[in-house]
Amino acid sequence: MSIRTLLCSTACAFVLAAALPVAAPAQGVPAQGAASAPAGEAELQAAITKSNAYTALMNRTLRAIQSWERYASWVDMKKGPTGKERYISYGLYSLYDVTGEIRKAEEAAAREPKLPEIDAAMLAYIKAYQELAPLITRAERYYDRKDYRDDNLAEGKALHEQMVPAAKAFLEQRARVDAMMRVYKTALDAQELAAIEQREGKSVRWVVRNVMINARSVIDLMPTNEKPIVDLKAFDAAVAGYARAIREMDDFKDRNPGKSLFMDSQASSWLGKLRDFSEKLAKSKGDVRRGAANDANWIVNNYNTMITLSETAVSFPR
């Protein structure tokens, strides 16, 4: 399994309250950040609800990216299918039903807080997905049933001509809305932590959210097939931020002996693995392909375990 597929099928597949990646503003992306972050508790919860609706749709529609990548793994994108491909039987992945997620995202776009650029980008993303998804579904069935053996790939070639521009538009909209949401979430995450601390102090909820927000910052910088070389400076800064969150967790445990966080052991071990991974990356000048791919997979898999444990810690504190 490729690094890209692993990241998309695992790390991206979970929704937590205000748990999108934290990232610096992207060039050319409107910065709906601190200036448009909600001010009061009700506004904060409304913003988190909207964010979660958008995140749920983006997570669920990652399947379209995986399906397109599977198709691109065996077909010449410039020529289209010829019938001579060695792995034509790979076809495409079937898509998930996202009817409910689309409905909730569209409803969220119409609700407060108004985020004009992000709301518009999300609606454009939905439109691009709705144009691509039926084509992928037709192609998936076509190759799964081996219909190309009956029509000399006539439909396959026609679908290819339609899918290429639709996929390009979809991926462009995906990158745009993803970058916008990352910028916006920086302020939202910070405000959520501040609100929890104001209500409860540095409670179990605060400690867990702090750890997971910083963990997600690390995950957001993990390598992909398209970008196998890690930005070492940014990655080390994210790991340092995660280390500070772990020290906050340790301080909480020292103040509250016997208090279980469920995910504390896993979170601590994850930091050690991140440092090992960072060291290997430094030796390979950031190129994950040179001996660190297995570590990357371990990091992503264990991040997902931490998500499950963190939900338990917040839902059933003890």
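This one's a predicted model, so the numbers in the text were calculated from it and none came from an experiment.

Right, let's get into the overall build of the protein chain. Across its full length, the protein chain holds 11 helices and zero strands. In sequence order, the protein chain lays out its α and β elements as α-α-α-α-α-α-α-α-α-α-α. By the burial criterion, 49% of the 318 residues in the protein chain qualify as buried. Taking contacts inside the protein chain between residues at least 6 apart in sequence as the whole, the part at least 24 apart equals 81%. Split by element, the accessible area of the protein chain, about 15400 Å² in all, is 50% carbon and sulfur.

This brings us to the environment of arginine 103. Along the polypeptide, arginine 103 turns up in helix α4 (residues 99–110). The spacing of arginine 103 and isoleucine 126 is 23 residues in sequence and 10.0 Å in space, taken between C-alpha atoms.

With that settled, the discussion passes to helix α3 (residues 62–72). Within α3, eight of the 11 residues are buried, leaving the element largely enclosed by the surrounding structure. Those residues of α3 not exposed but buried are Leu62, Arg63, Ala64, Ile65, Gln66, Ser67, Trp68 and Tyr71.

Looking now at the packing of helix α7 (residues 154–200) against helix α8 (residues 204–219). Running from N to C, α7 and α8 cross one another at 165°; their axes reach a closest spacing of 9 Å. Classed by the angle they form, the pair α7 and α8 counts as roughly antiparallel. For the pair α7 and α8, the crossing hand works out as left-handed. Contacts between α7 and α8 pair Asp189, Glu192, Leu193, Ile196, Glu197, Arg199 and Glu200 from the former with Arg205, Trp206, Arg209, Asn210 and Ile213 from the latter. When its residues are assigned to classes, the contact of α7 with α8 shows four nonpolar, one polar and seven charged.

This next bit is on the confidence of the model for the protein chain. Taken as a whole, the protein chain shows an average pLDDT of 87; of its residues, 87% reach a score of 70 or greater. Low pLDDT (under 50) marks residues 1–35, which in the prediction has 104 contacts with non-local residues, meaning those over four places away or in another chain.

This paragraph deals with the packing of helix α2 (residues 41–60) against α4. Closest axis-to-axis distance for the α2/α4 pair is 9 Å, and the angle between their directions is 145°. Helix-helix and strand crossings are classified by hand; for α2 and α4 the assignment is left-handed. For the pair α2 and α4, contact is made by Lys50, Ala53, Tyr54, Ala56, Leu57 and Arg60 and by Glu101, Ile102, Lys104, Ala105, Ala108 and Ala109, respectively. Split into classes, the residues belonging to the contact of α2 with α4 amount to eight nonpolar, no polar and four charged.

Quick look at the packing of aromatic side chains now. Per the counting criterion, the structure on display carries 13 aromatic pairs. Ring plane angle 75° and centroid distance 5.6 Å describe the contact between phenylalanine 235 and phenylalanine 277, whose orientation is recorded as edge-to-face. Here phenylalanine 235, found in helix α9 (residues 232–255), pairs with phenylalanine 277, found in helix α10 (residues 264–283); they are 42 residues apart in sequence, far enough to count as distant. Considered together, phenylalanine 235 and phenylalanine 277 belong to a single accessibility category, that of buried residues. One residue, arginine 70, lies across the ring of tyrosine 90, its end atom 4.9 Å from the ring centre. Here lysine 273 stacks its cationic end above the ring of tryptophan 298, 5.4 Å away from the centre of that ring.

A word on the nonpolar core. Ranked by internal contacts, the top residues of the largest apolar core, which has 50 residues, are Tyr54, Tyr71, Met122, Tyr129, Tyr143, Met163 and Phe170. No other element matches the 14 residues that helix α5 (residues 116–144) contributes to this core. Not counting residues up to four positions away in its chain, the partners in contact with methionine 163 are Trp68, Tyr71, Leu92, Leu132, Leu135, Ile136 and Ala139.

All told, the structure shown has 19 salt bridges when counted by the stated rule. For glutamate 131, the salt bridge goes to lysine 127, with nearest N and O atoms at 2.7 Å. Here lysine 127 and glutamate 131 lie together in helix α5, a separation of four residues that amounts to about one turn. Note on glutamate 131: relative accessible area 43%, which makes it partly exposed. A salt bridge links aspartate 189 to arginine 209; the shortest N-O distance between them is 3.9 Å.

The rules we used
Residues numbered from 1 in each chain as written. Predicted model: local features only at pLDDT ≥ 70, side-chain atom pairs only at ≥ 80, totals over all residues. Heavy atoms only, no water. Helix = DSSP H or I, 4+ residues; strand = E, 2+ residues; numbered from the N terminus. Buried < 20%, exposed > 50% of the residue type's maximum accessible area, 1.4 Å probe, protein only. Contact = heavy atoms within 4.5 Å. Areas by Shrake-Rupley, 256 points an atom, 1.4 Å probe, with all protein chains shown as cover. Axes fitted to C-alpha atoms, helices over the stretch in contact; angles between N-to-C directions. Parallel < 35°, antiparallel > 145°, perpendicular 65-115°, else oblique. Left-handed = near helix turned anticlockwise from the far one by under 90°. Nonpolar A, V, L, I, M, F, W, Y, C, P; charged D, E, K, R; others polar. pLDDT = per-residue confidence, 0-100. Phe/Tyr/Trp six-rings, centres within 6.5 Å; stacked < 30°, edge-to-face > 60°. Lys NZ or Arg CZ within 6 Å of the ring centre and 35° of its normal. Core = buried A, V, L, I, M, F, W, Y, C linked by side-chain atoms within 4.5 Å. Salt bridge = Lys/Arg side-chain N within 4 Å of Asp/Glu carboxyl O.

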